[in-house]
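# Coordinate analysis (summary)
Given next are the chains, with one letter for each unit.
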Amino acid sequence: MGEMKEGLVIKGIGGFYYVQCGDVLHACRARGKFRKDKISPYAGDRVRIEVDANDEGYVQEILPRKNFLVRPPLANLDKLFVVSSVCDPQPSTLIIDKTIAAAELKGIEPVLVFTKTDLSDTTELKDIYGSIGIRCYFVSSADGVGVDDLRPELTGCISAFTGNSGVGKSTLLNLLVPELELATGETSKKLGRGRHTTRHVELFALPNGGYVADTPGFGSFDIEQMESIRPAELQYCFPEFEPYLGACRFTDCTHRNEPDCAVNAAADEGAIHPSRLDSYRRLWEQANRKKDWEVRQTE
């Protein structure tokens, strides 16, 4: 019987799982029972491993996950940084709101980051997102404005960044964590190929504690895979609706066109932004068109 340890899976590649246990990184194989049960350890998983006298490690148990994303495969994410530019490309409030809702459903804390603030006015975006109960940052990678304010958000947690192509995720990440560019560059050199041709997810340790996920090959998170949201659950994925839930005339109110709806009344009084209510209604229609078996497949 070898020594039992508990640690964090940093990456899985070539049949090996690299598990960080304190200051030591163990290269481990997974026991055959995982293949039999058709489950796999993924980056972000907490696992129990056994290390034998030859320093060979074996994953014995995957500890319960608090959440899991299918694409990219990533477990136990604490924060999802939803990155959008204020212009070039123009921000899509529906995509932003859909990503926030998907994160909320999974129990992942969304943090909004708007880039390229040196290129356009941010008044409207601040108006929409400044009071929804989610932390919101406005940054410019060109002149560094706002970057230092954002950096503490990465400390002490497992985080990942998502956003459409062209919003400046990589530039921002390299400003926030210069070590990341260095580490991913070294990886590419070793593999002898371009950085974005690898398919595995890897967690990189941050100097002040915590990990950030590098997800090569993914322009943004696959929201379709994330979004197993049923119509009745969607209202709980909009934090600013919370004070008004349960106050509608009908207990099964969908907050669309029912009479005496507390959410609609709050919107009329300016407590909920019309853009957010519009996104909710459009996402409700999308969720309502989904059959139960489609939802189950993505869970």
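To be clear, the structure that these remarks concern was listed above.
Overview of the structure. (Residues numbered from 1 in each chain as written. Predicted model: local features only at pLDDT ≥ 70, side-chain atom pairs only at ≥ 80, totals over all residues. Heavy atoms only, no water.)

## Here we look at the nonpolar core
Ranked by size, the top nonpolar core spans 28 residues in total, and within it Leu74, Leu77, Leu112, Phe114, Tyr129 and Leu203 carry the most contacts. For this core, the secondary structure elements donating two or more residues are β1 (3-13), β8 (79-85), α2 (93-106), β9 (109-115), α3 (123-129), β11 (158-162) and β13 (211-214). (Core = buried A, V, L, I, M, F, W, Y, C linked by side-chain atoms within 4.5 Å. Buried < 20%, exposed > 50% of the residue type's maximum accessible area, 1.4 Å probe, protein only. Helix = DSSP H or I, 4+ residues; strand = E, 2+ residues; numbered from the N terminus.)

## Re the pairing of strand β12 (residues 202-205)
Here 4 bridges tie β12 to β13, and the two strands are oriented antiparallel to one another. The residue of β13 that forms the bridge with Ala205 is Tyr211. Hairpin connection from β12 to β13: 5 residues lie between these consecutive antiparallel strands, with Gly209 at a positive phi of about 100°. (Pairing = 2+ DSSP bridges.)

## So, the environment of Thr122
Note that Thr122 resides in the loop between β9 and α3. Each C-alpha atom of the pair Thr122 and Cys87 lies 9.5 Å from the other, and the pair is 35 residues apart in sequence. If sequence neighbours within four positions are ignored, Thr122 has contacts with Val86, Thr117 and Phe138. (Contact = heavy atoms within 4.5 Å.)

## As for the sheet that holds β9
Strand pairs in the sheet, formed through backbone hydrogen bonds, run parallel or antiparallel to each other. Strands sit in the order β10-β9-β8-β11-β13-β12 across an open sheet of 6 strands; the sheet is mixed. Both outer strands of the open sheet, β10 (136-138) and β12, are each paired with one neighbouring strand and no more. Averaged over all pairs of adjacent strands, the angle between their axes in this sheet comes to 25°, without regard to strand direction. Pairing of β9 with β10 involves 3 bridges; the strand directions are parallel. Of the residues in β10, the one forming a bridge with Phe114 is Phe138. Along the sheet face, α2 touches β8, β9 and β11 and points at about 155° away from the line of β9. Together, β8, β9, β11 and β13 form the strand contacts of helix α5 (residues 169-176), whose direction differs from that of β11 by roughly 145°. (Axes fitted to C-alpha atoms, helices over the stretch in contact; angles between N-to-C directions.)

## Notes on the sheet that holds strand β4 (residues 46-51)
Pairing is mixed in the closed barrel, where 5 strands are placed in the order β1-β2-β3-β5-β4. Sheet twist, expressed as the average angle between the axes of neighbouring strands with direction ignored, equals 55°. Bridge analysis of β1 against strand β2 (residues 16-21) gives 5 bridges, and the strand direction is antiparallel. Within β2, the position partnered with Ile13 by the bridge is Phe16.

## Section: the packing of α2 against helix α10 (residues 274-289)
At a minimum axis distance of 10 Å, the contact between α2 and α10 shows a crossing angle of 70°. Classed by the angle they form, the pair α2 and α10 counts as roughly perpendicular. Of the two possible hands of crossing, α2 and α10 adopt the one that is right-handed. In this structure, α2 uses Thr93, Leu94, Asp97, Lys98 and Ile100 to contact α10, whose residues at the interface are Ser275, Arg276, Ser279, Arg282, Leu283 and Gln286. (Parallel < 35°, antiparallel > 145°, perpendicular 65-115°, else oblique. Left-handed = near helix turned anticlockwise from the far one by under 90°.)

## Focus: unusual backbone geometry
The linkage connecting Asp88 with the following residue, Pro89, adopts the cis geometry, with an omega of 0°. Looking at where Pro89 falls in the secondary structure, it is placed in the loop between β8 and α2. Positioned with a positive phi, Lys38 is a non-glycine residue whose angle comes to about 55°. Checked against the element boundaries, Lys38 lands in the loop between α1 (32-36) and β4. You will see that His255, though not glycine, has its phi angle at about 60°, which is positive. Within the secondary structure, His255 is located in the loop between α8 (231-234) and α9 (262-268). We classify His255 as buried; its relative accessible area is 2%.

## Examining the environment of His200
Mapping His200 onto the fold places it in the loop between α6 (178-191) and β12. A residue is classified by how much of its surface remains accessible, and His200, at 12% relative accessible area, is buried. For the pair His200 and Gly12, spaced 188 residues apart in sequence, the C-alpha to C-alpha distance is 7.0 Å.

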